[in-house]
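Descriptive structure summary
The primary structure of each chain is shown beneath.
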Amino acid sequence: MKGSSDMPPFGDILNAGIQAVKQLCNRTNGITPKAFDKKVEEITGITGEHLKISFVNPEFPIHADDEDEDMVDSCYAYLTEIMLSCLVAIGAIKSEVFNIEANLGQSSIHLIPFNSRITPENLIQIDPFGKIYFWLAGDNFANYRHSDVSSNTYQSNLGRFDSKSFRVLREVNKAAYGEKGDPLINHLISETMRRTSVFMNNYANVIAANDHVKVTPKMILDEVFHLTPLQFEHLCLSVVEASLKREDPNAIFSAKHTGQSNDGGIDGIITQDCGADDIHTYYIQAKQYSEGNNISNRELRNFVGGFTPDTKYHHGIFITTSDFTKPALDYAQNLNSHSLILIDQMALLDLMLEHEIGLEKVQTETLVMNKSFFKKLRKH
């Protein structure tokens, strides 16, 4: 196994993937893996020495004195697989299967001006809703479930999960970047694990102190579904405003609830003043629907008709506690006249967890339910 600390930072590799997609997106037959790999290597300055950096896959261990090179894998090849997963997650490409199909439409327009090393601090600029963490969690679960389970434990044991998670990526990180690892990879692993641990929380719903209880996703949904539609609209305003403030803490925000019961129109408007006449307006539609009662493309068309067709300064955000039908997703994907962001139940839960909306930390890093928040919300 050959290791080195000269591998380009993963933030540069991920940024190179974005730039490669932008530079090759006009190819009529899509982007071939060969053309994409060549462009990424050109942008990052990958050399033959980088390609030789290898690691022993911990899922297929070999003896230390085994000299068979077929038993080791390329660090760079694995890093590009992670990079492609990230590009799919943020919507830069539609798929990484066969040819790579660019997806630089309205949903990913924020990627067009971006061109810098990606760090834990600026990651939010390319992934404002934290989708990368969910993609990595999905890959991690798939690998975890295929690992052997010894007789003295069981698969859903949280301790076993912590010890087995991201085994391959951790090994690649060490082989390519040394003991300290790459800052962005370190962050992606730790933050994905943090979010996953919340969803795997198997504590009983025991009151911890005053109005605080240890939180599970089901508990959050129970609170959300107990809100009136009007109260749910106020919740969605809080979630969007918190997300925008995290993205640009120096901007001046103004949030206004505009909806009425059963009005069917725009439920709230948030204005973001970034200075120098750079003012953005966000129009929010909130639908508190039961699971299975998914949002149709007709509802999206009605919503889009209610705000200005300007993709730069006017943005629609449709939030639901259910999901969106395939025609609705296709409609949003192909919409060129308006800027439209869709937030389904899972994305809403993730945003509430990330920005601690209705949640707070008590003594430890464990997120707990803040009952008083929802009591105040029900006064609206």
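Our structure is the block above this text.
Definitions and limits used
Residues numbered from 1 in each chain as written. Predicted model: local features only at pLDDT ≥ 70, side-chain atom pairs only at ≥ 80, totals over all residues. Heavy atoms only, no water. Axes fitted to C-alpha atoms, helices over the stretch in contact; angles between N-to-C directions. Helix = DSSP H or I, 4+ residues; strand = E, 2+ residues; numbered from the N terminus. Parallel < 35°, antiparallel > 145°, perpendicular 65-115°, else oblique. Left-handed = near helix turned anticlockwise from the far one by under 90°. Contact = heavy atoms within 4.5 Å. Phe/Tyr/Trp six-rings, centres within 6.5 Å; stacked < 30°, edge-to-face > 60°. Buried < 20%, exposed > 50% of the residue type's maximum accessible area, 1.4 Å probe, protein only. Pairing = 2+ DSSP bridges. Right-handed = clockwise from strand over helix to strand, strands pointing away. Core = buried A, V, L, I, M, F, W, Y, C linked by side-chain atoms within 4.5 Å. Polar contact = N/O pair within 3.5 Å; in protein donor to acceptor, adjacent residues only side chain to side chain. Salt bridge = Lys/Arg side-chain N within 4 Å of Asp/Glu carboxyl O.

Let's shift gears to the packing of helix α1 (residues 10-24) against helix α4 (residues 75-89). Contact geometry for α1 and α4: axes closest at 10 Å, N-to-C directions at 55°. Relative to α4, the element α1 is oriented oblique. In this structure, α1 meets α4 at a crossing whose hand is right-handed. Residue-level inspection shows Phe-10, Ile-13, Leu-14, Gly-17, Ile-18 and Val-21 of α1 in contact with α4, the latter providing Tyr-76, Leu-79, Ile-82, Met-83, Cys-86 and Leu-87.

What follows deals with the packing of aromatic side chains. This structure, assessed with the given rule, holds 6 aromatic pairs. With centroids separated by 5.5 Å and ring planes inclined at 85°, the aromatic side chains of Phe-303 and Phe-318 adopt a geometry described as edge-to-face. Remark: Phe-318 occurs in strand β8 (residues 314-320) and Phe-303 occurs in helix α12 (residues 297-304); sequence separation between them is 15 residues. For the pair Phe-303 and Phe-318, a shared accessibility class is recorded, and that class is buried.

Further remarks concern the sheet that holds β8. Taken in spatial order, the 5 strands of this open sheet run β5-β6-β7-β8-β9, and their pairing is mixed. Whereas interior strands pair on both sides, the edge strands pair on one side only; in this sheet they are β5 (252-257) and β9 (339-343). Strand-to-strand twist across the sheet, computed as the mean angle between neighbouring axes with direction ignored, equals 20°. Pairing of strand β6 (residues 268-273) with strand β7 (residues 279-287) involves 6 bridges; the strand directions are antiparallel. In the strand pairing of β7, Gly-268 is matched with Ile-284. Most of the contacts of α12 go to β8, to which it runs at about 145°, and overall it touches β7, β8 and β9.

This part takes up the pairing of β8. Among the 7 residues in β8, 7 count as buried, and that is most of the element. Judged by which residues are buried, β8 turns out to be covered on both faces: His-314, Gly-316, Phe-318 and Thr-320 on one side and His-315, Ile-317 and Ile-319 on the other are all buried. The parallel pair β7 and β8, bridged by α12, forms a crossover whose chirality is right-handed. Here 5 bridges tie β8 to β9, and the two strands are oriented parallel to one another. Bridge pairing links Ile-319 to Ile-343 in β9. For the crossover that starts at β8, traverses helix α13 (residues 326-334) and ends in the parallel β9, the hand is right-handed.

What follows is about unusual backbone geometry. Trans is the prevailing form of peptide bonds, just as negative phi is the prevailing case for residues other than glycine. Within the chain, Phe-166 stands out as a residue other than glycine whose phi angle is a positive 55°. Mapped onto the secondary structure, Phe-166 falls in the loop between α7 (158-164) and α8 (167-177). The class for Phe-166 is buried, based on a relative accessible area of 9%.

Turning our attention to the environment of Glu-49. Relative to the elements of secondary structure, Glu-49 occurs in helix α3 (residues 48-52). Judged by its relative accessible area of 42%, Glu-49 is partly exposed. Separated by 43 residues in sequence, Glu-49 and Asp-6 have C-alpha atoms that sit 9.0 Å apart.

The biggest cluster of nonpolar side chains holds 50 residues, and the ones touching the most others in it are Met-7, Phe-10, Leu-14, Phe-36, Met-83, Leu-87 and Ile-126. Among the elements of the structure, α1, α2 (33-44), α4, α5 (123-126), α6 (131-145), α8 and α9 (183-199) are those that each provide at least two residues to this core. Among the elements that make up this core, the one with the highest residue count is α4 (11 residues). Counting 34 residues, the second-largest nonpolar core is a separate cluster that includes Phe-129, Leu-227, Cys-236 and Leu-348.

To continue, consider the pairing of β6. Here β6 shows one buried face, formed by Gly-268, Ile-270 and Gln-272, and one open face, formed by Ile-269, Thr-271 and Asp-273. Hairpin connection from β6 to β7: 5 residues lie between these consecutive antiparallel strands, with Gly-275 at a positive phi of about 90°.

With that settled, consider the side chain of His-50. Residue position: His-50 is located in helix α3. Looking at His-50, its side chain comes within polar contact range of the main-chain nitrogen of Thr-47, at 3.0 Å. Apart from the residues lying within four places of it in its own chain, the contact partners of His-50 are Asp-6, Met-7, Pro-8, Gly-45 and Tyr-76.

Pairs may arise between side chains of opposite charge once their charged atoms sit close together. According to the stated counting rule, one finds 13 salt bridges in the structure shown. Among the salt bridges present, the one from Arg-117 reaches Asp-12, with a minimum N-O distance of 2.9 Å. Within this pair, whereas Arg-117 is found in the loop between α4 and α5, its partner Asp-12 is found in helix α1, the two being separated by 105 residues in sequence. Residue class for Arg-117 comes out partly exposed when judged on its relative accessible area of 45%. Among the charged side chains, a salt-bridge network with shared partners connects Glu-191, Arg-194, Arg-195, Arg-246, Asp-350 and Glu-354.

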